Amino acid sequence: MKTTGRKKSMTKYKQQEMKIVLGGFLAIVVITLVLGFAITSKKSPKAEKTTTAGTEAVEPSEDGKTTEKNESTTEEKTTKEESTTEEKTTEEESTEEKTTVDENSSPFNPQTVKIDEGNWELTLLNANYKLPDGYVPELVPAIPGSGESLDKRVQPYYEKMYNAAKAEGVYLTPYSGYRSIATQTRLHTNKVNSYKSQGYSDYEAEKMATRWSMLPGCSEHNFGVAMDICNTNDDFNMTEQYAWLQEHAEEYGFIERYKGDKEQYTGVANEPWHWRFVGVENAKKINASGLCLEEYLGKTD
């Protein structure tokens, strides 16, 4: 009986010991969890603050180390770049709107010139300047028997030039002198329609046509002071007539009006056959200067 009681006592003691061990183990686990949660909580607000505030975000560098990047500055820079891009786009769109033209309008609006009878030979005509409405010069045949006419003030100079060249075996045959406004209108309209048939707008067609056929009233042919000599072939500058004119035309008051390197001022393509009377003294001065008539007169607008 004593033995049995002793065994029960030992068993009870062991159970109590086990409870103490388990209690201690559980206490350690609880303390560990609490400490872990405290540490995690302490780190988390910092990370959250860093991410939310956007002041210092840590990014890995190429060598595996960490670098600090100012996200706020990056966002401001991005915003400024986007703003600049939008402003630039707006400016470009505004510029495009300003350069947009009415495709049905005319690119030219020439003003009427006032002919100075004391200096008539230097009257400037081009797409910016036109003759007064109804103006018609007093005409005579360019040379006896010719169907081409010139202003009677110009004709004597052309005839003298023609005869001087003829004496050297060079014939400066009058090809196209004075033209009426009706004829000029027909020629110009035909040229415009030719470009329109190729798909160009009214605006583009007239601009391109005027390089070859001047607006009615703006042509020197309408003024009776110009002559297309021999033909209007592109290779006229390879002929003996052209070579003779280059050397002697100024002696009779004529200049080559439309040179290829002066188109930006004249508005007309290269026409080596087109010779304009400006007077002997003026012709020599203009040739010596190397200027076209627009430059010489200071009217390159």
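See the structure printed just above.
Residues numbered from 1 in each chain as written. Predicted model: local features only at pLDDT ≥ 70, side-chain atom pairs only at ≥ 80, totals over all residues. Heavy atoms only, no water.

Student: Go over the overall build of the protein, please, and point to the residues and values.
Tutor: Looking only at helices and strands, the protein features 10 helices and 10 strands. Counting only residues that meet the buried cut, the protein has 32% of its 301 residues in that class. (Helix = DSSP H or I, 4+ residues; strand = E, 2+ residues; numbered from the N terminus. Buried < 20%, exposed > 50% of the residue type's maximum accessible area, 1.4 Å probe, protein only.)

Student: Explain the pattern of salt bridges residue by residue, including any values.
Tutor: For the structure on display, the rule yields 11 salt bridges. Here Glu-117 makes a salt bridge to Arg-153, at a shortest N to O gap of 3.2 Å. Taken together, the residues Glu-117 in the loop between β3 (111-112) and β4 (129-130) and Arg-153 in the loop between β6 (149-151) and α3 (155-167) connect sequence positions 36 residues apart. Residue classification places Arg-153 among the partly exposed positions, given a relative accessible area of 25%. Here Glu-295 makes a salt bridge to Lys-262, at a shortest N to O gap of 2.9 Å. On the criterion of sequence distance, the pair formed by Glu-295 in helix α10 (residues 293-297) and Lys-262 in the loop between β9 (254-258) and α8 (263-266) is long-range, its members being 33 residues apart. Beyond isolated ion pairs, a larger network of salt bridges with shared partners links Glu-220, Arg-257, Arg-276 and Glu-294. (Salt bridge = Lys/Arg side-chain N within 4 Å of Asp/Glu carboxyl O.)

Student: Give a detailed account of the packing of helix α4 (residues 181-196) against helix α5 (residues 202-209), specifying residues and quantitative values.
Tutor: Orientation of α4 relative to α5, taken along the N-to-C sense of each, is 130 degrees, at an axis distance of 8 Å. Classified by the angle their axes make, α4 and α5 are oblique. Crossing angle aside, the handedness with which α4 passes α5 is right-handed. Contact with α4, carried on its side by His-188, Lys-191, Val-192, Tyr-195 and Lys-196, involves Asp-202, Ala-205, Glu-206, Met-208 and Ala-209 of α5 and no other residues of that element. Within the contact of α4 with α5, the residues separate by chemical class into five nonpolar, one polar and four charged. (Axes fitted to C-alpha atoms, helices over the stretch in contact; angles between N-to-C directions. Parallel < 35°, antiparallel > 145°, perpendicular 65-115°, else oblique. Left-handed = near helix turned anticlockwise from the far one by under 90°. Contact = heavy atoms within 4.5 Å. Nonpolar A, V, L, I, M, F, W, Y, C, P; charged D, E, K, R; others polar.)

Student: Talk me through the sheet that holds β9; I want residue IDs and the actual numbers.
Tutor: With antiparallel pairing, the four strands of this open sheet are ordered in space as β7-β8-β10-β9. Of all strands in the sheet, those with a lone pairing partner are β7 (174-176) and β9, marking the two edges. Strand after strand, the sheet turns through a mean of 50 degrees between neighbouring axes, direction not considered. Across four bridges, the pairing between β9 and strand β10 (residues 271-277) is antiparallel. The residue of β10 that forms the bridge with Phe-254 is Phe-277. The sheet contacts of helix α7 (residues 240-248) involve β8 (226-229), β9 and β10, and relative to β10 the element is tilted by about 40 degrees. (Pairing = 2+ DSSP bridges.)

Student: Pulling in residues and values, what's your account of the pairing of β10?
Tutor: Within β10, seven of the seven residues are buried, leaving the element largely enclosed by the surrounding structure. Pairing geometry for β8 and β10, over three bridges, is antiparallel. Bridged to Asp-228 within β10 is His-274.

Student: Got a sec to walk through the side chain of Arg-179? Specific residues and values, please.
Tutor: Position of Arg-179 relative to the elements: it lies in the loop between β7 and α4. Within the local environment of Arg-179, its side chain forms a polar contact with the side chain of Gln-184, the two groups lying 3.3 Å apart. (Polar contact = N/O pair within 3.5 Å; in protein donor to acceptor, adjacent residues only side chain to side chain.)

Student: Any details on the environment of Ala-127? Residues and values, ideally.
Tutor: You can see Ala-127 is positioned in the loop between β3 and β4. Sequence-wise, Ala-127 and Met-214 are 87 residues apart; in three dimensions their C-alpha atoms are separated by 6.9 Å.

Student: Outline the nonpolar core, supporting the account with residue identities and numerical values.
Tutor: Tyr-158, Met-161, Leu-172, Ile-229, Leu-245 and Phe-254 are the most contacted members of the largest nonpolar core, which totals 38 residues. For this core, the elements supplying multiple residues, two or more each, are α3, β8, α7, β9, β10 and α9 (280-289). If near-sequence neighbours (up to four positions away) are discounted, Ile-229 is found in contact with Tyr-158, Met-161, Leu-172, Thr-173, Tyr-175, Phe-236, Leu-245, Trp-273 and Trp-275. By size, the runner-up hydrophobic cluster in this structure holds six residues, among which are Ala-127, Met-214, Leu-215 and Val-268. (Core = buried A, V, L, I, M, F, W, Y, C linked by side-chain atoms within 4.5 Å.)

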